[in-house]
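Observations on chain architecture
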Amino acid sequence: MNETRQTQPTPPGRTNGWLEPGPTNIQVIYILYLVSFVIGISALVGIVLAYLNRGKSEPWVETHYTWAIRTFWIGVLYGIVSAVLMVVGIGFLLLLAVAIWAVVRIVIGLQAVSRSEPIKNPESWML
């Protein structure tokens, strides 16, 4: 006899926690930022999630939302400056530096959230 196993569908409005404010959501945002190096649109999804969930979580998680939002916007600013400076030739090196800077900030955030620690200086421009 061939019995098929039926699973309960996720009720509407339930997302298993990854869209609700909290550590899982901020990890999703950091991962979306990393994926954006391959699929650029994912960073936009990440920034929207960060803005939607900011101010709705524990204080230590809020430092991560601030860090993630600032990582996005500062990265955009540095990226535009690098693109303009490509005319001179130095922009290519600066663009590589911006990519490394972004990856390091994302990794710092992922490590801190996995240890349930806040970002020490979430409003920093550097690391």
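Residues numbered from 1 in each chain as written. Predicted model: local features only at pLDDT ≥ 70, side-chain atom pairs only at ≥ 80, totals over all residues. Heavy atoms only, no water.

**Side note on the overall build of the chain**
For the record, the criterion: Segments assigned H or I by DSSP are reported as helices when at least four residues long, segments assigned E as strands when at least two residues long, and all are numbered from the N terminus. For every residue, the accessible area (1.4 Å probe, protein chains only) is compared with the maximum for its type, and the residue is labelled buried under 20%, exposed over 50%, or partly exposed between those bounds. Note on contacts: a residue pair qualifies if any of its non-hydrogen atoms lie within 4.5 Å across the two residues.
When you go through the chain residue by residue, the secondary structure sums to four helices and zero strands. Along the chain, helices (α) and strands (β) appear in the sequence α-α-α-α when read from the amino end. When burial is assessed residue by residue, the chain has 34% of its 127 residues classed as buried. Once local pairs closer than 6 in sequence are excluded, the contacts in the chain between residues at least 24 apart make up 60%.

**A short note on the pattern of salt bridges**
Operational definition: The term salt bridge refers to a side-chain nitrogen of Lys or Arg lying within 4 Å of a carboxyl oxygen of Asp or Glu.
The final tally for this structure, using the stated rule, is one salt bridge. Glutamate 117 is paired through a salt bridge with arginine 115; the nearest N and O atoms lie 3.1 Å apart.

**Some details on the nonpolar core**
Definition in use: We define the nonpolar core as a collection of buried residues of types Ala, Val, Leu, Ile, Met, Phe, Trp, Tyr and Cys that are connected through side-chain atoms lying within 4.5 Å of one another.
Among the nonpolar cores identified, the biggest contains 20 residues, and Ile26, Ile29, Tyr30, Tyr33, Tyr65 and Ala68 are the most heavily contacted of them. Every element with two or more residues in this core is listed here: α1 (23–35), α2 (41–53), α3 (59–84) and α4 (91–114). At seven residues, the largest contribution of residues to this core is made by α3. Filtering out sequence-adjacent residues up to four positions away, tyrosine 33 remains in contact with Ala43, Gly46, Ile47, Ala68, Ile69, Phe72 and Ile106.

These figures come from the coordinates and say nothing about function on their own.
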